[in-house]
Amino acid sequence: MERPIAYDKLAREDRWVRMRAREVAELKIAQGFPPFADLSSPDSIRERVHGILVGEIQAMEGAGRTVCDFPDAPWEFTMDMARQVWDESRHVEIYLRLLEHLGGYPGEFPETTILWRCACAEDAAARVAGVNRGLEGLACDVFNQLVHIARKIGDPILERAVEFVLADEITHVRMGSKWLTKLTEGDPDRRRKAIDFQENIDERFNLGGVRRDGDHEAVSISIATDVRRMAGFTEEEIERLVKTTQRSQVY
Amino acid sequence: MAHPLAGHFSVDHSARLMRNYRYAVERTLRALGGWIALTPELSAKLLMGRHVWDLAQLADAFGARLPELRAHAQVSEPANERVVAFMDAVEEPEAPGQTVERLVGVYRVLKPHLLASYHDHLIRANPVYEPPTRRLLLRCLGDERRHIAAGTTILGHLCATPALAERALAWQRRLEGLFAAAGGVTGEGLPPAPVDTAQAPIETSDDAREFVRLEKPLASWPMPEDLRAALEAFGGSLAVPNVGALARWLAPGVSLDPAREVLTAAALTSHRLVAFARLGHQRLVKWRLAGPDAAVTVLARWAPGPDGWRVAMLDVGRIEALRPALPRR
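Definitions and limits used
- Residues numbered from 1 in each chain as written.
- Chains lettered and ligands numbered in written order.
- Predicted model: local features only at pLDDT ≥ 70, side-chain atom pairs only at ≥ 80, totals over all residues.
- Heavy atoms only, no water.
- Helix = DSSP H or I, 4+ residues; strand = E, 2+ residues; numbered from the N terminus.
- Rg over C-alpha atoms; globule rule 2.2 N^0.38 Å.
- Buried < 20%, exposed > 50% of the residue type's maximum accessible area, 1.4 Å probe, protein only.
- Contact = heavy atoms within 4.5 Å.
- Areas by Shrake-Rupley, 256 points an atom, 1.4 Å probe, with all protein chains shown as cover.
- Salt bridge = Lys/Arg side-chain N within 4 Å of Asp/Glu carboxyl O.
- Buried area = accessible area lost by both parts, 1.4 Å probe.
- Polar contact = N/O pair within 3.5 Å; in protein donor to acceptor, adjacent residues only side chain to side chain.
- Nonpolar A, V, L, I, M, F, W, Y, C, P; charged D, E, K, R; others polar.
- Axes fitted to C-alpha atoms, helices over the stretch in contact; angles between N-to-C directions.
- Parallel < 35°, antiparallel > 145°, perpendicular 65-115°, else oblique.
- Left-handed = near helix turned anticlockwise from the far one by under 90°.
- Arc of directions from axis to C-beta.
- Domains from an automatic or database assignment.
- Core = buried A, V, L, I, M, F, W, Y, C linked by side-chain atoms within 4.5 Å.
- Expected span 1.5 Å × (residues − 1).
- Pairing = 2+ DSSP bridges.

Enquirer: Please explain the overall build of chain B as it appears in this structure.
Expert: Secondary structure summary: chain B contains 10 helices and five strands in total. By the compact-globule yardstick of 20 Å for 329 residues, chain B is too spread out, its C-alpha radius of gyration being 26 Å. Expressed along its principal axes, the backbone C-alpha trace of chain B runs to roughly 90 × 35 × 35 Å. Classification of the 329 residues of chain B by burial places 53% in the buried group. Partitioning the intrachain contacts of chain B with sequence separation of at least 6 by distance along the chain shows that 69% fall at a separation of at least 24. Summed over all atoms, the accessible surface of chain B reaches about 14,300 Å², with 56% contributed by carbon and sulfur.

Enquirer: Before we go on, may I ask you to explain the pattern of salt bridges in this structure?
Expert: Close approach of charged atoms allows side chains with opposite charge to pair. Residues and elements named next belong to chain B. For the coordinates displayed, the defined rule picks out 55 salt bridges over all chains. The partner of Glu 77 in a salt bridge is Arg 19, and the shortest N-O contact between them spans 2.8 Å. Linking Glu 77 in the loop between helix 2 (42-65) and helix 3 (81-91) with Arg 19 in helix 1 (residues 11-35), this pair joins segments that are 58 residues apart in sequence. Judged by relative accessible area, Glu 77 falls into the partly exposed class, the value being 30%. Salt-bridge contacts for Asp 143 lead to Arg 146; the nearest nitrogen and oxygen are separated by 2.9 Å. In this pair, Asp 143 and Arg 146 both sit in helix 5 (residues 131-158), three residues apart, roughly one turn of the helix.

Enquirer: Sorry if this is basic, but what is going on with the interface of chain A and chain B here?
Expert: Taken together, the 50 residues of chain A in the interface contact 54 residues of chain B. Summing both sides of the interface, chain A and chain B together bury roughly 4,500 Å²; the carbon and sulfur share of this comes to 63%. Among the residues of chain A in contact with chain B, Met1(A), Trp75(A) and Tyr105(A) are the three that bury the most area, contributing 16% of the side total. Across the chain A-chain B interface, the total number found is seven salt bridges. A salt bridge links Glu61(A) to Lys45(B); its shortest N-O distance comes to 2.4 Å. Remark: the boundary between chain A and chain B carries 22 residue pairs in polar contact (both at pLDDT 80 or more). For the side of chain A that touches chain B, the elements supplying multiple residues, two or more each, are helix 1 (21-30), helix 2 (42-69) and helix 3 (75-101) of chain A. Residue composition of the side of chain A that touches chain B, grouped by class: 27 nonpolar, five polar and 18 charged.

Enquirer: Would you mind showing me how to read the packing of helix 3 of chain A against helix 6 (residues 156-183) of chain A here?
Expert: Two quantities define a packed helix pair, namely the angle between the helix axes and the distance between the axes. Residue and element names in this part refer to chain A. Where helix 3 contacts helix 6, the axes come no closer than 10 Å and their chain directions differ by 160°. In terms of orientation, helix 3 and helix 6 fall into the roughly antiparallel class. Where helix 3 crosses over helix 6, the handedness of that crossing is left-handed. Considered class by class, the residues forming the contact of helix 3 with helix 6 number 12 nonpolar, four polar and nine charged.

Enquirer: Would you mind going over helix 10 (residues 257-265) of chain B with me for this structure?
Expert: In an α-helix, one turn spans 3.6 residues; hence positions three or four apart end up facing the same way. All names here are of chain B. The set of residues buried in helix 10 consists of Ala 259, Val 262 and Leu 263. Seen end-on, helix 10 carries its buried residues on one side only, within an arc spanning 95°. Among the exposed residues of helix 10, those oriented more than 90 degrees off its buried face are Glu 261 and Ala 265.

Enquirer: Got a minute to help me understand the domain arrangement of chain B in this structure?
Expert: Each assigned domain of chain B is listed with its residue range as follows: domain 1 (11-213) and domain 2 (225-321). One C-alpha centre belongs to domain 1 of chain B, the other to domain 2 of chain B, and the line joining them spans 44 Å.

Enquirer: Explanation requested: the nonpolar core in the structure shown.
Expert: Across soluble globular proteins, you tend to see nonpolar side chains buried next to one another. With 142 residues, the main nonpolar core has Phe77(A), Tyr95(A), Phe143(A), Phe62(B), Leu103(B), Tyr118(B) and Ile154(B) as its most contacted residues. Per-element accounting of this core gives the leading share, 16 residues, to helix 5 (residues 124-153) of chain A. If we skip the residues at most four places from it in the chain, Tyr95(A) touches Val49(A), Ile52(A), Leu53(A), Glu56(A), Phe143(A), Leu146(A), Val162(A) and Val165(A). Counting 32 residues, the second-largest nonpolar core is a separate cluster that includes Tyr105(A), Trp287(B), Trp302(B) and Trp309(B).

Enquirer: Just checking my understanding: could you explain helix 6 (residues 162-182) of chain B for this structure?
Expert: Residues and elements named next belong to chain B. Along its 21 residues, helix 6 runs 30 Å from first to last C-alpha, staying within 8% of the 30 Å computed at 1.5 Å per residue. Those residues of helix 6 lying buried are Arg 167, Ala 168, Trp 171, Gln 172, Leu 175, Phe 179 and Ala 182. Looking straight down helix 6, one finds its buried side chains confined to an arc of 135°; they lie on one side. When the buried face of helix 6 is taken as reference, the exposed residues oriented beyond 90 degrees from it are Pro 162, Ala 163 and Glu 166. Downstream of helix 6 by one or two residues, Gly 183 has phi in the positive range, about 75°.

Enquirer: Would you mind showing me how to read the pairing of strand 2 (residues 282-290) of chain B here?
Expert: Remember that side chains alternate between the two faces of the sheet whenever the strand is regular. All names here are of chain B. Among the nine residues in strand 2, eight count as buried, and that is most of the element. Bridge count for strand 1 (residues 270-279) against strand 2 is nine bridges, and the pairing is antiparallel. If you follow Ala 275 over to strand 2, its bridge partner there is Lys 286. Between strand 1 and strand 2, which pair antiparallel and follow one another directly, the connecting turn spans two residues, one of which, Gly 280, has a positive phi of 65°. Note that strand 2 and strand 3 (residues 294-305) share eight bridges and pair antiparallel. By the bridge assignment, Leu 284 is partnered in strand 3 with Arg 301. Hairpin connection, strand 2 to strand 3: the antiparallel pair is bridged by three residues.

Next up, the structure:
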């Protein structure tokens, strides 16, 4: 098998329209919409849920590639990544059903591949740092806020399902922290590169100030500091993330 | 009647079988993991995603049994080089259009054989001193039955035409030949299929019928009536192609020139609207145009304006040859 595969090999059914994240954001801003769906209306909640569905599909594909691409990594690493594939495949099913619940359909909004690109790092340590700590950390922020909004609008279906997904994501962050440490033991240079990769992803997904420290209803994506602590992020890491959100550039 | 302590397998032999099974299972789980990204169909992605973890647990259980049989833990070993060649062939179909071949290799050839091998091993393993192996094989049998049932459902859904069904059968025959030459996963031959396969219960949490339902596209996309009329007119003109009729729908500054060459180069006889996405007030619309030998994808961004809906961006993809070739061998 080809290992790893190129970014553009990601396979989709015809019903998906793929676009660059920057282009989607620019076209939405030009029409007077926020670049990233806020949670202020049923339409925007559905768009957010669709974006998460796409992210879960790419997370399943990314974890699957990690199982495939690193046959020489420790067996326990393969086990953790295989477990993550299973979790992500259930998340895809959950979000397909939630989209149905909200009256949407797969392909209702364009797909961007910015998450998938992050999942294509050639080094296993960089991949778990970027995906399990960077992207799954972002998922913790997004899902925590979605649970809050679901509770507020009185949607127990959305609330309960997303709460369980959030629990899985916390586990994935912990796996990421564990394997970042184990895979880079005795190799500070590799560890530094992996952490740089994660920080670069964190910076990109601050989305030019869209992700911020603040109340769930006041900011588009609020940083879930308590959940991040539970997932094993240090106070220093959380503080650094909050600081970077104050100076991020758009895309 | 055989003595209750009569045995068929030595400890070393049993350990070798564990390594042989683990080799096939480990390679399969890595292949399924890698294929998820290469497979377009959502139902097949979900199927693979579910089974990667099941197989990892089976590989782990085989690997954990090994030290109990005086062998190194978590080691995989092919029975012979022809088993390696068979697994290479199973992994070979990587193109987006080869989902059927990917699933056939795993769900119609390898897994039914593993099921038969585990069953054969189970009935020959001594019930007095090999219960750890027997329990492990029973667990494997349950998982494999469930996987085969789910894979069969998805394959039934994907093999929607006689041509696809024929392609699937041809690939199955080819792999079966390779596997027979290898003597199966253990190199000791192909045991007969156990008779009770069809009666296996299917867990609802792993219900492939639900994966198929979730994959099914909408019967009709929700859209304003004036846009629906515009899309019908535009789509009808794409396949002909009627350049004058198409030009009528273009917003000022949008040119048909880059599309004209592609649309006129291939004999395209049918058109189908395959995607309809929202982007603010605008809509992204994708058509699939196909002829006997080629297909092309057309993407247009439609924007509402004072004169109604108009194409604000038009992108025509590359011409694709239809009928992907079977994998080599």
